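Structural features, examined
The primary structure of each chain is shown beneath.
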Amino acid sequence: MKNVLILGANGSIARIAINLFLNETDAQLTLYLRNSHRLKNINSNRVRIIEGDVLDIEKLKEAMIGQDVVYANLAGNLEQMAKNIVEAMNATGVKRLIWISSMGIYDEVPGEKYGSILDPYRKSAAIIEASDLDYTILRPAWFTNQDEIDYETTQKGEPFKGSVVSRKSVADLVVKLAVTPGMEVRRSLGVNKPE
Ligand SMILES: NC(=O)c1ccc[n+]([C@@H]2O[C@H](COP(=O)([O-])OP(=O)(O)OC[C@H]3O[C@@H](n4cnc5c(N)ncnc54)[C@H](OP(=O)(O)O)[C@@H]3O)[C@@H](O)[C@H]2O)c1
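**Some details on the pairing of strand β10 (residues 187–192)**
In terms of burial, β10 is a largely internal element, 5 of the 6 residues being buried. Pairing between strand β6 (residues 134–140) and β10: 5 bridges, direction parallel. Considered in β10, the bridge of isoleucine 137 is made with serine 188. Bridge count between strand β8 (residues 152–155) and β10: 4 bridges; the pairing is antiparallel. Within β10, the position partnered with glutamate 152 by the bridge is asparagine 192.

**Quick notes on the site of the ligand**
Residues in contact with the ligand amount to 21 residues; listed here are only the nearest, Ser12, Arg38, Asp53, Leu74 and Tyr121. Here phenylalanine 143 contributes a backbone N or O atom positioned 2.8 Å from an oxygen atom of the ligand. The fraction of the free accessible surface of the ligand (920 Å²) that becomes covered by protein chains is 80%. Going through the elements one at a time, α1 (12–24) and β7 (142–144) are the ones with two or more residues in the shell around the ligand. Split into classes, the residues belonging to the shell around the ligand amount to 12 nonpolar, 6 polar and 3 charged.

**Considering helix α5 (residues 167–179)**
With 13 residues, α5 should reach 18 Å at 1.5 Å per residue; the first-to-last C-alpha distance of 19 Å fits that figure. Counting buried residues along α5, 10 of its 13 residues qualify, which places the element largely inside the surrounding structure. Regarding α5, the residues found buried are Arg167, Ser169, Val170, Ala171, Asp172, Leu173, Val174, Val175, Leu177 and Ala178.

**Quick notes on the UniProt feature "domain: NAD(P)-binding" (unreviewed entry) in the chain**
Mapped onto the present numbering, the UniProt feature "domain: NAD(P)-binding" (unreviewed entry) falls at residues 8–178. As annotated, residues 8–178 has a helix share of 35% and a strand share of 22%, and its two end C-alpha atoms lie 16 Å apart.

**Observations concerning the nonpolar core**
Within the largest apolar cluster, 35 residues are counted, with the highest numbers of intra-cluster contacts made by Ile6, Phe21, Leu29, Leu31, Tyr71 and Leu138. If we skip the residues at most four places from it in the chain, leucine 29 touches Val4, Ile6, Ile18, Phe21, Leu22, Arg46, Val47 and Arg48. Of all hydrophobic cores here, the second largest spans 28 residues; its members include Ala72, Val86, Ile128 and Tyr135.

**A look at the side chain of threonine 136**
Secondary-structure assignment places threonine 136 in strand β6. Residue threonine 136 is classed as buried on the basis of its relative accessible area, which comes to 0%. At 2.7 Å, the side chain of threonine 136 and the backbone oxygen of glutamate 184 are in polar contact.

**As for the packing of helix α2 (residues 57–64) against helix α3 (residues 78–92)**
In contact at an axis separation of 9 Å, α2 and α3 are set at 45° when each is read in the N-to-C sense. Compared by their axis directions, α2 and α3 come out oblique. Remark: the crossing between α2 and α3 carries right-handed chirality. Every residue of α3 that contacts α2 at Ile57, Leu60, Lys61 and Met64 is listed here: Asn84, Ile85, Glu87, Ala88, Met89, Ala91 and Thr92.

About the criteria used
Residues numbered from 1 in each chain as written. Predicted model: local features only at pLDDT ≥ 70, side-chain atom pairs only at ≥ 80, totals over all residues. Heavy atoms only, no water. Buried < 20%, exposed > 50% of the residue type's maximum accessible area, 1.4 Å probe, protein only. Helix = DSSP H or I, 4+ residues; strand = E, 2+ residues; numbered from the N terminus. Pairing = 2+ DSSP bridges. Near = heavy atom within 4 Å. Polar contact = N/O pair within 3.5 Å; in protein donor to acceptor, adjacent residues only side chain to side chain. Areas by Shrake-Rupley, 256 points an atom, 1.4 Å probe, with all protein chains shown as cover. Nonpolar A, V, L, I, M, F, W, Y, C, P; charged D, E, K, R; others polar. Expected span 1.5 Å × (residues − 1). UniProt positions renumbered as here; feature names shortened; annotations may be inferred. Core = buried A, V, L, I, M, F, W, Y, C linked by side-chain atoms within 4.5 Å. Contact = heavy atoms within 4.5 Å. Axes fitted to C-alpha atoms, helices over the stretch in contact; angles between N-to-C directions. Parallel < 35°, antiparallel > 145°, perpendicular 65-115°, else oblique. Left-handed = near helix turned anticlockwise from the far one by under 90°.

This is the structure in structure tokens:
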């Protein structure tokens, strides 16, 4: 049984992952988000909710205590968020981090250059890769709402494949990474629907 802290728990991937965690694992979830009223229909004795901002380092450290896995599903000031998360994990001795990023951060998508729009994703990934954490960075393709689990992954250094992936697929991979010891540790994975 894993204790999993979900940062940005109202994000579109996180909401699907929460359902998968509850239906398919025995994980205990701590949902960390800025506005807890946004979370609807979550009624489980395996869920604890903390209202907080990832930019609030003290609150973040408190939320880390006793966790086995941190799953960060964030957008916005990702560089500062990554710094805070690494600092809070180091301070509390939590090692395992799953971080949602984006395809394109290494200019690995054939024929595409995403430019400065991805800088927050690049800088945050670099902070995580420079840490001692047991991280897995996910670089998904464009999200779809298809009700399907159908994906493949590519490693850092390999060209990205495909162009889309369902939110449910990314959520499925997050859950597998969270509950499977050693899976894809210190890796950065492209995630796409096979074409
Ligand atoms: N859309 C695509 O096709 C695509 C493709 C690849 C990658 N991505 C990236 O993948 C990531 C996850 O996607 P998603 O759709 O699940 O994201 P999302 O729905 O935009 O969720 C991001 C969450 O981050 C939370 N957040 C932002 N700042 C915060 C802070 N300071 N403290 C706490 N929480 C904060 C937001 O909370 P609030 O609800 O409080 O605002 C929001 O719930 C995003 O970075 C997205 O850009 C997207």
